[in-house]
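Observations on the model geometry
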Amino acid sequence: MGQLQVEGTEYLKKDDAIMVFDTGEDGQAVQVDSVIEHRGVEGITMTSVLFCKHGGLIMPVTSGQTVVVPAKEERFQFTKEQLIACGWENVTDGELEKLNKALIDFKVVSAESAFMMFATMLSESGCENALEGQPRINEFDDLSWEKYKAELRANGNVVGDYGWKERGAGYIQLTGETVQRAFLERMEDPYNGDRPAEYIGMKYPIEAAVYYWSEVDKTSKGNLNAYIEEYGATEGTFLITQYFTNGYKEGIDESLRNIRDGKSFQTNIETGKLIVDGKIFDLPNGWKEREEIWEKVNEELQKYE
């Protein structure tokens, strides 16, 4: 009998022993082979006692070979209904499958982190605009790119010093050739062309977003996934993640730490300002829409919990 251990209780599994006989030289039956057929069903336990028909008791023993069934790993997976309720109304089954696979591949395992990541995806791209500039502008050259960045800066947005070929790509945007090449290497994709942004935006918009959340260093805990695992999903931590995603302000670190630790704060949508510790900062880019998205996504998170 084989031994099976489930949650600390040991069982013996029933096996069928088939003995094969032939006739020996003296005309007597001789065993020439044996076959064990494993039926895989639970039989007697290690506490069972058997009565021998010739008298006495039989106590079960094992050969020492133990099969331990590990506990199932806790990990969150979205349903299509959840994504639709949060705002991704035209999500397909294929996109749902890609998103849930990416959660596993990049180790985003908790519902809190997954829902906040998804709120960030919706805030950044609506889960449909996978390249910076979309939907207003799909194609750039050097001149149109500089004009585009100048317009953003004039409207108070923070824009880095990078070219259009390495502009933000993904439903949360990976920006700059260094991080884009690192992502492609992580995906084991051999692409070596000179337009990594367009390639990623076309082929990996979902995976790029989950990679950004789980592997790009942004906070004192490293990535945003680790940050939410440590501090939880609250209005304050969502605000903090949006600063690190789109609109970080110099000199704000201490105030963000205070918000993280539970200090009260105020946001003024009309002026676009954050007030905390008597200090005033610009809110993350597009905060009004981000806050509305988070409220909707958080409702679904609360239903799940």
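Scroll up to find the structure.
Structure report, in brief. Because the structure is predicted, anything quoted here is derived from the model rather than measured. (Residues numbered from 1 in each chain as written. Predicted model: local features only at pLDDT ≥ 70, side-chain atom pairs only at ≥ 80, totals over all residues. Heavy atoms only, no water.)

1. Here's the deal with the nonpolar core
Formally: Side-chain atoms within 4.5 Å are what join buried Ala, Val, Leu, Ile, Met, Phe, Trp, Tyr and Cys residues into a set we call a nonpolar core. Exposure categories follow from relative accessible area, calculated using a 1.4 Å probe and restricted to protein chains: below 20% of the type maximum is buried, above 50% is exposed, and the middle band is partly exposed. Runs of H or I in DSSP of at least four residues are treated as helices and runs of E of at least two as strands, each being numbered from the N terminus. Contact between two residues is taken to exist if any of their heavy atoms lie within 4.5 Å; hydrogens are not considered.
Within the largest apolar cluster, 64 residues are counted, with the highest numbers of intra-cluster contacts made by Phe78, Trp88, Leu99, Phe118, Met121 and Leu274. Looking at this core element by element, the count peaks at nine residues for helix H3 (residues 111-125). Residues within four places of Phe118 in sequence aside, it is in contact with Phe78, Leu83, Cys86, Trp88 and Cys127. Membership of the second largest hydrophobic core comes to seven residues, among which are Phe140, Val159, Tyr162 and Trp164.

2. Regarding the environment of Tyr162
Residue position: Tyr162 is located in the loop between helix H4 (142-154) and helix H5 (177-186). In the structure, Tyr162 is positioned 13 residues away from Lys149 in sequence and 9.9 Å away in space, judged by C-alpha atoms. Among residues more than four places away in sequence, those in contact with Tyr162 are Glu132, Trp145, Lys149, Arg167, Gly168 and Thr175.

3. A few points about the packing of helix H9 (residues 235-245) against helix H11 (residues 287-304)
Quick note on the threshold: Angles here are taken between N-to-C directions and fall from 0 to 180 degrees, while the axes themselves are lines fitted to C-alpha atoms, restricted in helices to the stretch in contact. Under this scheme an angle from 65 to 115 degrees is roughly perpendicular, one under 35 degrees roughly parallel, and one over 145 degrees roughly antiparallel; angles in between are oblique. Crossing handedness is defined as follows: a turn of the near helix away from the far one that is anticlockwise and smaller than a right angle gives a left-handed crossing, while the clockwise case is right-handed. Residue polarity is assigned by list, with Asp, Glu, Lys and Arg as charged and Ala, Val, Leu, Ile, Met, Phe, Trp, Tyr, Cys and Pro as nonpolar; anything else, Gly included, falls into the polar class.
Their axes nearest at 11 Å, the elements H9 and H11 cross at an angle of 135°. By the criterion of interaxial angle, the relationship of H9 to H11 is oblique. Note that H9 runs across H11; the crossing there is right-handed. From H9, Glu235, Phe238, Leu239 and Gln242 reach across to H11, where they touch Trp287, Arg290, Glu291 and Trp294. Here the residues of the contact of H9 with H11 sort into four nonpolar, one polar and three charged.

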